[in-house]
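Single-letter residue listing:
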Amino acid sequence: MQSFLKVLSTIAFTEDAKRLFHGRGGYYSGSEHLCLDWFSPVLLLTSFTPLAKAELTTCHQAIATRWQECYPERPLNLVYQYRSASETVTELLEGEVPEPHIVTENGAHFLVHLLRGQNHGLFLDMANGRQWVRHHARHKKVLNLFAYTCGFSVAALQGGADEVVNMDMSKGALAIGKQNHLLNGFTAGARFLGHDIFKSWGKLKKLGPYDIIVADPPSNQKGSFVATKDYVRLIRRLPELLAKQGEVLLCLNAPELDTAFLRQQVTEAAPALSYVTRLDNPEAFNDVSAEKSLKVLHYRLSETDSGLVKPEAV
């Protein structure tokens, strides 16, 4: 893990939450299993393979050394998490985690929870997606599908959106989303619908049309969404929900599925959507294989399309 230790000696901390080391990107030989995130005032070390006690001690000591170099008067707060597809082990190595734990990003505040589960309340690799929404949302109506803790909604309202509709099956995640809105002073302008998206097309259409739709589903979550079979079902219904020249962000975080997979789904199921571009990921998430990293594709409803689904597409 020499490459991790070398980079660690040069990292700088910011006010905003961010990734400090992205071994998963493949640029650091021997450290591909390691990531280090900053959720002020806590550092989160994540390993995707089990670390021997000596390896963990080495990482801990190196992180502590760098912390003391930067902040000699401040205590270190460090959480370690080992994760695999079937197992997650989380341990507080040093210091403490505040409760509530509130972090910032581009002027917004978000609740996070580092000591439980693999999802911490804010996906750091989606920062550019939230910034895109923030930049384009003024006077727009936004639909946030698979809303999770509603980061896109907060960004939209920051950017001056007229209204945001958030939908997610997890009422617990939406409850945190409501708290995120209150943290940012948004007491109105957002709806929170704890429903199965695939059973709610009528309600969504009634609340529309939408100028911007964001779809950020899990890639493989049984009982909720499996990208290989469910993404096309979602894409097929989007044109009927869009206003004239409405825009869509389609998100996919599955290393085994590339951009071509998603673009082919749109071509076949919703030809009225025209591809615009793929959003860049934050620099901290650079990957030797861009197709294995987060994919956020921007589409726009064709000017000649009415936004109505054709009978054969339903």
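In the block above lies the structure referred to throughout.
This write-up is about the structure you can find in this document. No experiment lies behind these values; they were computed from the predicted model shown.

Notes on the overall build of the protein chain
Part 1 of the argument: Across its full length, the protein chain holds eight helices and 16 strands.
Part 2 of the argument: Taking 2.2 N^0.38 as the reference for a compact globule, 314 residues should give roughly 20 Å; the C-alpha atoms of the protein chain span a radius of gyration of 20 Å, in line with that estimate.
Part 3 of the argument: Reported as C-alpha extents along the three principal axes, the dimensions of the protein chain are approximately 65 × 40 × 30 Å.
Part 4 of the argument: Every one of the 314 residues in the protein chain was classed for burial, and the buried ones make up 53%.
Part 5 of the argument: Summing over all exposed atoms, the protein chain offers an accessible surface of approximately 14,600 Å²; the carbon and sulfur share of this is 50%.
Part 6 of the argument: When the 33 basic and 33 acidic side-chain charges of the protein chain are each reduced to a single mean position, those positions are 7 Å apart.

Let's talk about the packing of aromatic side chains
Part 1 of the argument: Taken as a whole, this structure holds 13 aromatic pairs when the rule is applied.
Part 2 of the argument: Relative to Trp67, the ring of Phe13 lies with its centre 5.1 Å away and its plane at 80 degrees, an arrangement referred to as edge-to-face. Of this pair, Phe13 sits in the loop between helix 1 (2-8) and strand 1 (18-22) while Trp67 sits in helix 2 (residues 53-70); the two residues are 54 residues apart in sequence, bridging distant segments of the chain.
Part 3 of the argument: Between Tyr275 and Tyr299, the ring centres sit 5.5 Å apart and the planes meet at 70 degrees, which makes this aromatic pair edge-to-face. On the criterion of sequence distance, the pair formed by Tyr275 in strand 15 (residues 273-278) and Tyr299 in strand 16 (residues 295-301) is long-range, its members being 24 residues apart.
Part 4 of the argument: Site record: aromatic cluster; members linked through ring pairs are Phe146, Phe198, Trp201, Phe225 and Tyr231.
Part 5 of the argument: Over the ring of Phe48 we find Arg24, and its NZ or CZ is 3.8 Å from the ring centre.

Observations concerning the pattern of salt bridges
Part 1 of the argument: All told, the structure shown has 11 salt bridges when counted by the stated rule.
Part 2 of the argument: The shortest N-O distance in the salt bridge between Lys205 and Glu240 comes to 3.5 Å. With Lys205 in helix 6 (residues 201-207) and Glu240 in the loop between helix 7 (227-237) and strand 14 (242-252), this residue pair connects regions lying 35 residues apart in the sequence.
Part 3 of the argument: Glu240 serves as the salt-bridge partner of Arg237, at 2.5 Å between the closest nitrogen and oxygen.
Part 4 of the argument: Counted as one network, the salt bridges with shared partners bring together Lys141, Glu163 and Arg191.

Calculation criteria
- Residues numbered from 1 in each chain as written.
- Predicted model: local features only at pLDDT ≥ 70, side-chain atom pairs only at ≥ 80, totals over all residues.
- Heavy atoms only, no water.
- Helix = DSSP H or I, 4+ residues; strand = E, 2+ residues; numbered from the N terminus.
- Rg over C-alpha atoms; globule rule 2.2 N^0.38 Å.
- Buried < 20%, exposed > 50% of the residue type's maximum accessible area, 1.4 Å probe, protein only.
- Areas by Shrake-Rupley, 256 points an atom, 1.4 Å probe, with all protein chains shown as cover.
- Lys, Arg positive; Asp, Glu negative; His and termini not counted.
- Charge placed at Lys NZ, Arg CZ, Asp CG, Glu CD.
- Phe/Tyr/Trp six-rings, centres within 6.5 Å; stacked < 30°, edge-to-face > 60°.
- Lys NZ or Arg CZ within 6 Å of the ring centre and 35° of its normal.
- Salt bridge = Lys/Arg side-chain N within 4 Å of Asp/Glu carboxyl O.

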